[in-house]
Amino acid sequence: MSLPSSLSLATRHALVCGASAGIGRATAMALAELGARVTTLARSQEALGELQPQLLRAGAAEAHVVVTDLDAPSALDAAITTWLDAHGPAHILVHNTGGPPGGRLLDATAEALQAAFRRHVVSAQRLVQHLLPGMRAAGYGRIVNVLSTSVREPIDHLGVSNTIRAAMSAWAKTLSRELPPGVTINNVLPGYTSTERLASLAQATAERSGRSRAEVESDWRAAVPEKRLGKPEEVAAAIAFLASPAASYIRGVSLAVDGGRLRSI
Ligand SMILES: NC(=O)c1ccc[n+]([C@@H]2O[C@H](COP(=O)([O-])OP(=O)(O)OC[C@H]3O[C@@H](n4cnc5c(N)ncnc54)[C@H](OP(=O)(O)O)[C@@H]3O)[C@@H](O)[C@H]2O)c1
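Residues numbered from 1 in each chain as written. Predicted model: local features only at pLDDT ≥ 70, side-chain atom pairs only at ≥ 80, totals over all residues. Heavy atoms only, no water.

Here we take up the confidence of the model for the chain. The predicted model of the chain has a mean per-residue pLDDT of 97, with 100% of residues at 70 or higher. Per-element confidence in the chain ranges from a low mean pLDDT of 91 for helix α1 (residues 3-6) to a high of 99 for strand β4 (residues 92-95). (pLDDT = per-residue confidence, 0-100. Helix = DSSP H or I, 4+ residues; strand = E, 2+ residues; numbered from the N terminus.)

Dropping the structure here:
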C-alpha cells in the first residue's frame, strides 16, 4: 500500500468526542477530509448540527451526531447503544472532552477528583467496551486519546487535570497490552493550542498573576521552541495519522504535539 492510500479512511467510521469545538472539531474535519464516515459527540446539539454539513463538504462519507454528556455514564450508555444500533459499527474512537477546572491539587475537593475521573476515565472505558466488538469484527480499531503534555511534566495550577491525565495514560498503556491485534490505542499530548480552553486558562493565569492576558500568552510563546501557539488543526493531523492504516504498528505511545516545549525525552 502506498503512503497516500494508507492514510485513507474511506471505509472507516469514526466517533469523535468533544467535537463541537477546538481540537475535537478540527479532528472531525481532518477525518472527514480522509473520507471517513464521521460521528461527532458533545453536549451542544446546535454546534454539532452546524458542523454536520461542513463535514460532508470536506469529504465525509456520512456525518452523524450523538448529543450526550460524558459526565453521565447511564445517559452515555443509552446514547451510544441507540447510535450503534442505527449507524454502527465504528472503527475509530477519538476520546476527547473538556479539561477539569484549574487550581492547586491541595485545594481540590473529593468531588472534583471524582467528577474528573468520571468524565475522562469512566467515559473512555465505557466507550471502548461499547465499540470494541465492532473493531474486533472488522480487524481494525484505532483508539486515540487527547490528553496533555502534563502526562510528562505536571503544569502548575492544573492539579486535577495533571492527575487525571496520568490516570488516562496508565489506562491506555494497560489497554495497549490487552486489546487484540489490529486494535491500537495511543495518546496525543497537545501543548499550548489556540482554543476556547486555552483562552480561559490564559485569562485565569492573568487574573492570578496580575498581568495582562497578552503578556501571559507572550510568555507561553517564548517558552516554545517554535515560538508560537499551536493550531487545533496541527493536533488533529497527528490524531488523523494515528487513526489511519499508516499507523498500524504504533501502539501504546504518547505523542506530544507541542512545538517542542517539553524538556523531558
Ligand atoms: N487547548 C490546549 O492548549 C490544550 C492543551 C493540553 C490539553 N488540552 C486538553 O485537550 C482537550 C480538548 O481541548 P480543547 O482546547 O479543544 O477544549 P475545548 O475548546 O474546551 O473543547 C472541549 C470539547 O469537549 C466537549 N465537552 C466538554 N465537556 C463535555 C462533556 N461533559 N460531555 C461531552 N462533551 C464535552 C465540548 O463540547 P460541549 O461543551 O458542546 O459538550 C467541546 O467540544 C481537553 O481535555 C483539554 O484540557 C488542551
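Counted according to the given criterion, the structure contains 7 salt bridges. Residues R104 and D107 are paired through a salt bridge, measuring 3.2 Å at the closest nitrogen-oxygen approach. For R104, a relative accessible area of 45% gives the class partly exposed. The partner of E234 in a salt bridge is R228, with the nearest N and O atoms 2.7 Å apart. Exposure remark for R228: the relative accessible area of 34% places this residue in the partly exposed category. (Salt bridge = Lys/Arg side-chain N within 4 Å of Asp/Glu carboxyl O. Buried < 20%, exposed > 50% of the residue type's maximum accessible area, 1.4 Å probe, protein only.)

Its 12 residues give helix α2 (residues 22-33) an end-to-end C-alpha distance of 17 Å, which sits within 8% of 16 Å, the value for a rise of 1.5 Å per residue. Of all 12 residues in α2, 9 are buried; the element is thus mostly enclosed. (Expected span 1.5 Å × (residues − 1).)

With respect to the helices and strands, the residue S169 is situated in helix α6 (residues 159-178). By relative accessible area, S169 is classed as buried at 17%. When residues no more than four places from it in sequence are discounted, the contact partners of S169 are L147, V151, N187 and S254. (Contact = heavy atoms within 4.5 Å.)

Below, the discussion takes up helix α5 (residues 110-138). Compared with the 42 Å implied by 1.5 Å per residue over 29 residues, the 41 Å span of α5 between its first and last C-alpha is a close match. At L131, α5 shows its maximal kink, close to 40°; a proline, P133, follows between one and four residues later. One or two residues past the end of α5 sits G139, with phi positive at roughly 70°. (Bend = angle between axes of the 7 residues up to and from the residue.)

The assigned domain composition of the chain is domain 1 (3-191 + 232-257) and domain 2 (194-229). Between domain 1 and domain 2, the residue contacts involve 11 residues of the former and 7 residues of the latter. Between domain 1 and domain 2, a total of about 600 Å² is buried, with carbon and sulfur atoms accounting for 51% of that surface. Here domain 1 and domain 2 share 1 salt bridge between them. Residue assignment for the side of domain 1 that touches domain 2 shows that the elements contributing at least two residues are α2, α6 and α9 (232-243). (Domains from an automatic or database assignment. Buried area = accessible area lost by both parts, 1.4 Å probe.)

Our focus in this paragraph is the packing of α2 against α9. At their nearest, the axes of α2 and α9 sit 8 Å apart, and the two run at 50° to each other. It follows that α2 is oblique to α9 by the angle criterion. The element α2 and its partner α9 pack so that their crossing is right-handed. Residue-level contacts link G22, I23, A26, T27, A30 and L31 of α2 to P232, E233, V235, A236, I239, A240 and A243 of α9. Among the residues making up the contact of α2 with α9, the classes are represented as 10 nonpolar, 2 polar and 1 charged. (Axes fitted to C-alpha atoms, helices over the stretch in contact; angles between N-to-C directions. Parallel < 35°, antiparallel > 145°, perpendicular 65-115°, else oblique. Left-handed = near helix turned anticlockwise from the far one by under 90°. Nonpolar A, V, L, I, M, F, W, Y, C, P; charged D, E, K, R; others polar.)

All right, on to the nonpolar core then. Counting 34 residues, the largest nonpolar core has L31, V38, L55, V188 and I239 as its most contacted members. Counting residues per element, the ones that place at least two in this core are β1 (13-17), α2, β2 (37-42), α3 (45-58), β4, β5 (141-146) and α9. Residues L15, C17, L127 and V160 belong to the second largest nonpolar core, which totals 32 residues. (Core = buried A, V, L, I, M, F, W, Y, C linked by side-chain atoms within 4.5 Å.)

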